[in-house]
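Here's the letter readout for the chains.
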Amino acid sequence: MAEAADFQGMTPSPARRWMRRTGALLAGAPLLAGLLQLPTAAPTQAAVQDSVKAASGSGTVAVAVDSLTPSAPSDGDTLTVSGTVTNTGKQAVTDAQVDLRLGGALNTRSAIDRVAGRSNYQQGVDGIPVGGKYVKEFSKLTPGVSQRFSISVPVDKLDLGEDGVYEFAVSLSGETSARPWDQVLGIQRTFLPWQPDEADPKTRTTVMWPLISTAHMTAQTGSDESQTPVFRDDDLAKEIAPGGRLEQLVSLGKDLDVTWVIDPDLLASVDAMTESYRVQGEGDATTAGTHQGLAKQWLADLQEAVQDKEVVALPFGDPDLASLAHNGTNVTGSLSHLKEATEAAVVTVDSILHVEPTTDFAWPVNGAVDPSIVKVATSAGADKVIARSDSLEERGGLPYTPSAARPIGGGTTAVVTDARMSTLFQGNLTRASSSTLAVQRFLAQSLALNLQTGNQRSIVVAPQRMPTASQARAMAEAVTALQDGTWSQSQDLTAAATAKPDSAATTQVPPVSKYPASLRDQELPRSAFRQIATTQDKLDKFKVILTNQDRVVTPFGRAMNREMSTSWRGRPAEVADYRNGVEAYVDSLAGQVTLIDKSETKLSGRSATIPVTVQNNLVQGVEHLVLRLTSSSPRRLEIGGERFYEQRVAVSGGHSQTVKFTTSAQANGQATVVAQLYTEDGQKYGAPVTFDVKVTEFTATVMLVIGGGFLLLVLAGFRMYTQRKRAAARAAEEDGAEETGEADGDPENPEDPEDRLTPEDLLKDESRTGAREEAPEQPSDPTPDTAAESADPSGTGERVDR
């Protein structure tokens with residue numbers, strides 16, 4: 001970032017301080033005149049020797065500044081510096097003394113960076129000791145042992161000059177047996193902001209306060225009415241517990257004038273924890289979640305904290321805009337997920353926090369932008385992109401830091417955050433010394449920025465997305481000191497974005513080639529977006545058959561938003577497992593609606609019905625399904641008079657339905673039949689069921705054989721009847737009825753036509769008399785030429801209805 005070489009537009013220091021400095025200079029004038037008359041060679045040689053001695057042992061003792069209060073002192077304050085000194089060498093340090101050193105004013109922001117980057121002590125650069133009684137002495141420092149110190153000095157004793165940022169250091173000097181002379185053995189540099197009077201103008205400062213976490217919820221829900229959610233783990237409970245990262249952000253942020261930047265997925269996840277929830281375990285096992293009380297308390301605290309504060313809602317799940325722009329735009333449907341995530345954000349925040357959020361802002365990772373990222377970021381309705389000054393750099397030699405708002409074309413505003421101030425609270429800040437240094441450097445950069453010019457500017461600070469608890473505490477300390485200071489005033493993000501832009505500031509978005517390689521290496525690959533598209537396609541085919549689509553559309557939609565989350569950066573294996581789990585779950589649900597397998601079916605006759613069963617193991621009913629039965633050999637077996645036939649299917653949850661298809665056989669043999677479910681729009685649903693139908697139809701030859709056998713049976717009965725009549729006639733003749741017999745009979749026709757009864761008459765006669773006598777078997781009786789029909793099953797196949 002460009003900046004002034006010197007502080008421009010500085011206000012003069014109060015008259016009393018000016019007079020005090022002038023008096024000190026006049027008092028030292030005689031001494032200075034005497035020194036000028038001394039030989040010049042000798043002091044120069046002595047100075048070189050002193051410098052060598054002073055620097056020879058630098059780094060032997062580690063100096064840590066654990067606290068510096070007040071962070072930005074004013075007239076009348078007493079500055080207290082506390083910390084530790086630790087002998088890291090192998091020899092004891094004797095005659096040790098801790099000194100406070102005040103250096104000169106640092107006129108530029110880059111000068112602050114240079115001081116922070118120095119390590120060893122440098123004679124004549126690191127300021128002179130305050131001295132006097134404002135020291136801490138140790139007779140001996142044992143190797144490996146730490147000693148605490150605390151020094152308090154009135155600010156008036158520091159002889160601070162004009163308003164500005166002063167280099168401030170704590171050093172330890174002493175002797176060792178190897179180097180028995182007084183020398184600086186360790187030093188820790190920091191900064192002292194000095195602005196005792198109210199600045200005019202003040203910098204308008206916006207601090208973004210992020211509430212973002214990783215993805216915790218899965219796509220799975222219970223089969224109960226409330227759809228009990230299933231979590232990947234129970235780590236979210238640790239974050240919202242007292243002392244946890246998210247608990248600290250809420251408890252610290254409620255007392256700050258900040259703009260809350262929230263991922264709605266976090267709110268939805270904690271809200272789900274307030275009721276019954278499950279946590280994944282080993283395999284498919286889940287355990288009951290037990291942190292409902294923590295979740296309720298955290299949400300209550302957050303609701304109180306955000307009242308009357310600006311809340312910016314990111315798209316649901318905080319999608320990775322850069323990954324989407326570079327790898328996802330060529331995959332169908334990817335941008336639609338971003339739009340859905342934006343729409344879900346408003347509903348989620350409003351329903352849980354009871355505040356109306358703004359969704360006008362898009363926040364790419366680390367504020368790194370290029371034209372493709374800007375295009376994607378604004379595709380879902382946002383018209384403001386949060387960039388960072390190390391991405392949208394000043395290249396016109398502007399001698400100060402311009403305001404955050406930059407019009408970049410197309411009605412889009414880039415809100416450029418200050419890179420120096422935004423990146424100070426990273427790394428391990430669990431040690432008090434690290435936290436104190438970060439706070440002082442933050443305040444120094446802010447004051448240096450304010451003193452650059454007499455024009456008022458709007459500055460935005462955007463820390464990392466997921467600060468740790470220690471980082472959050474350091475941030476809160478710095479923001480508190482800034483808000484209590486004299487050179488800055490708070491402003492929300494919308495006001496900063498709509499402030500009048502600096503006409504001299506750059507508005508040129510860097511090309512795609514300038515996007516940092518380190519960030520590109522962490523992006524979601526194109527294969528990830530293809531898998532998301534595949535999962536969406538499966539969900540689309542599945543949901544059309546459901547009677548209550550919301551039970552699956554909502555949890556799966558939010559899960560796919562989480563698959564695109566920025567939080568997956570640097571965790572490729574974990575996000576792959578998450579994507580696979582979501583896709584596998586939609587497959588398992590769709591597989592709950594299926595066809596029951598069938599074995600071989602036998603068809604004995606010209607027509608029959610074939611049953612096919614649809615099983616629904618879901619808790620809700622399914623409809624809008626069509627079951628199609630297709631014959632692979634329609635010349636042998638027709639279904640509904642055609643090659644295939646369809647019937648609509650609707651099955652209640654947890655039930656099955658059997659659908660019957662009328663078939664007709666055209667020839668003997670085996671035909672393969674395929675049963676397949678379809679959606680009403682003609683898309684196949686699920687796997688087909690294939691089975692064989694064996695046709696065993698009665699042919700004309702078989703019918704002739706059966707008819708001939710029946711005819712023989714009738715003739716045999718007729719012959720038996722005539723034989724019985726003849727026997728009766730002979731018996732009557734023997735009893736003396738020969739005359740009657742001779743009168744009735746015809747010698748040439750032994751049987752009268754009236755006595756010739758038909759088989760039907762014979763059957764009627766037997767029915768009336770009840771006489772069913774079996775005729776003795778005759779040698780000439782024909783034997784059947786076909787076997788009797790068996791009543792046993794014809795095979796192992798499935799028998800159909802006729």
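In this text the structure is predicted, and so the values were computed from the model without any measurement.

Tell me about the overall build of the protein, and please be specific about residues and values.
Assigned secondary structure in the protein consists of 22 helices and 31 strands. In the protein, which comprises 802 residues, the proportion classed as buried is 46%. For the protein, the proportion of contacts with a sequence separation of at least 24, taken over those separated by at least 6, is 78%. When the accessible surface of the protein is summed, it comes to about 38,800 Å², and 50% of that surface belongs to carbon and sulfur atoms.

With reference to specific residues and values, describe helix 19 (residues 572-590).
The end-to-end C-alpha distance of helix 19 is 27 Å, a good match for the 27 Å that 19 residues give at a rise of 1.5 Å each. For helix 19, the set of buried residues is V575, Y578, R579, V582, E583, Y585, V586, L589 and A590. Projected down its long axis, helix 19 carries its buried residues within an arc of 155°, all on one side. Relative to its buried face, helix 19 has exposed residues pointing more than 90 degrees away, namely A573 and D577. On its buried face, helix 19 sits against strand 10 (217-221), helix 17 (526-543), helix 18 (550-563), strand 22 (593-595) and strand 30 (684-695).

Let's hear about the environment of G76: which residues, and what values?
Secondary-structure assignment places G76 in the loop between strand 1 (61-69) and strand 2 (78-87). With a relative accessible area of 61%, G76 lands in the exposed category.

Help me get a handle on the side chain of S422, residues and values and all.
Inspection of the secondary structure assignment puts S422 in helix 12 (residues 419-422). In this structure S422 comes out as buried when scored by relative accessible area, which is 1%. Setting aside chain neighbours within four positions, we find S422 in contact with T417, V460, V461, A462, P463 and Q464.

Residue-level account of the packing of helix 6 (residues 245-253) against helix 8 (residues 292-305), with values.
For the pair helix 6 and helix 8, interaxial distance at closest approach is 9 Å and the crossing angle is 30°. Judged by the angle between their axes, helix 6 and helix 8 are roughly parallel. Between helix 6 and helix 8 lies a crossing of left-handed hand. On the side of helix 6, the interface is formed by L246, E247 and V250, while helix 8 contributes W298, D301, L302 and A305. Broken down by class, the residue content of the contact of helix 6 with helix 8 amounts to five nonpolar, no polar and two charged.

Explain the pairing of strand 25 (residues 622-631) residue by residue, including any values.
Counting buried positions over the ten residues of strand 25 gives seven, a clear majority of the element. Pairing of strand 25 with strand 27 (residues 644-651) involves seven bridges; the strand directions are antiparallel. Counterpart to V622 in the pairing with strand 27 is V651. Inspection of the sheet shows strand 25 paired to strand 29 (residues 669-679) by seven bridges, in the antiparallel sense.

Outline empty space enclosed by the protein, supporting the account with residue identities and numerical values.
Following the criterion strictly, the structure yields four cavities of 30 Å³ or more and no others. P315, T342, F361, A377 and A382 are, among the 13 residues lining the largest cavity, the residues nearest its centre. When residues of the lining of the largest cavity are traced back to their parent elements, those giving at least two are helix 10 (334-353) and strand 16 (361-362). Among the residues forming the lining of the largest cavity, the class breakdown is ten nonpolar, three polar and no charged.

Tell me about the packing of aromatic side chains, and name the residues and values.
What the rule picks out here adds up to five aromatic pairs. Centroid distance F425 to F442: 5.5 Å. Interplanar angle 50°. Geometry classified as tilted. In this pair, F425 is assigned in the loop between helix 12 and helix 13 (432-450) and F442 in helix 13, connecting sequence segments 17 residues apart. Residue F442 is classed as buried on the basis of its relative accessible area of 1%.

Explain unusual backbone geometry to me, using residue names and the numbers behind them.
Most peptide bonds are trans, and most residues other than glycine sit at a negative phi. The linkage connecting T69 with the following residue, P70, adopts the cis geometry, with an omega of -10°. That bond from D200 to P201 is cis: its omega, 5°, falls within 30 degrees of zero. The residue P201 is located in the loop between strand 8 (183-194) and strand 9 (203-211) in this model. With a phi close to 50°, Q227 is a non-glycine residue in the positive phi region. With respect to the secondary-structure elements, Q227 resides in the loop between strand 10 and strand 11 (229-231). Exposure remark for Q227: the relative accessible area of 19% places this residue in the buried category. The phi angle at D308 is positive, at roughly 65°, despite the residue not being glycine.

Explain helix 18 to me, using residue names and the numbers behind them.
When the terminal C-alpha atoms of helix 18 are compared, their 20 Å separation across 14 residues agrees well with the 20 Å that a helix rising 1.5 Å per residue should span. When you tally the buried positions in helix 18, you get eleven out of 14 residues, the bulk of the element. Restricting attention to buried positions, one finds in helix 18 the residues R551, V552, P555, F556, G557, R558, A559, M560, N561, R562 and E563. Along its buried surface, helix 18 packs onto strand 10, helix 7 (264-273), helix 10, helix 17 and helix 19.

Explain the nonpolar core residue by residue, including any values.
Residues F542, F556, L627 and L629 are the most contacted members of the largest nonpolar core, which totals 75 residues. With seven residues, the top contributor of residues to this core is helix 19. Setting aside residues no more than four positions away along its own chain, L629 makes contact with I610, V612, I639, R643, F644, Y645, F661, V673, V674, A675 and F691. In this structure, F191, A199, A237 and A444 belong to the second largest nonpolar core, which totals 64 residues.

I'd love a proper account of the confidence of the model for the protein, names of residues and values included.
The share of residues in the protein with pLDDT of 70 or more is 82%, and the mean pLDDT across the chain is 85. Every residue in residues 1-56 is under pLDDT 50, and counting partners more than four places away or in other chains gives 67 contacts. Long-range and interchain partners of residues 762-802, a stretch whose pLDDT sits below 50, account for 43 contacts in this model, where long-range means more than four residues apart.

Quick one: what's the story with the sheet that holds strand 13 (residues 278-280), residue by residue and with numbers?
Taken together, the four strands give an open sheet; going across it, the order is 10-11-13-14, and neighbouring strands pair in mixed fashion. Looking at the sheet topology across the chains shown, the edges are occupied by strand 10 and strand 14 (286-288). Pairwise comparison of adjacent strand axes, ignoring direction, gives a mean angle of 35° for this sheet. Running at roughly 110° to strand 11, helix 7 makes contact with strand 10 and strand 11 of the sheet.

Basis of the calculations
- Residues numbered from 1 in each chain as written.
- Predicted model: local features only at pLDDT ≥ 70, side-chain atom pairs only at ≥ 80, totals over all residues.
- Heavy atoms only, no water.
- Helix = DSSP H or I, 4+ residues; strand = E, 2+ residues; numbered from the N terminus.
- Buried < 20%, exposed > 50% of the residue type's maximum accessible area, 1.4 Å probe, protein only.
- Contact = heavy atoms within 4.5 Å.
- Areas by Shrake-Rupley, 256 points an atom, 1.4 Å probe, with all protein chains shown as cover.
- Expected span 1.5 Å × (residues − 1).
- Arc of directions from axis to C-beta.
- Axes fitted to C-alpha atoms, helices over the stretch in contact; angles between N-to-C directions.
- Parallel < 35°, antiparallel > 145°, perpendicular 65-115°, else oblique.
- Left-handed = near helix turned anticlockwise from the far one by under 90°.
- Nonpolar A, V, L, I, M, F, W, Y, C, P; charged D, E, K, R; others polar.
- Pairing = 2+ DSSP bridges.
- 1 Å grid on protein atoms, 1.4 Å probe; cavity = no way out; pocket = protein on both sides within 12 Å on 5 of 7 lines; lining within 4 Å.
- Points joined across faces, edges and corners; volume = space filled by probe spheres on them.
- Phe/Tyr/Trp six-rings, centres within 6.5 Å; stacked < 30°, edge-to-face > 60°.
- Core = buried A, V, L, I, M, F, W, Y, C linked by side-chain atoms within 4.5 Å.
- pLDDT = per-residue confidence, 0-100.

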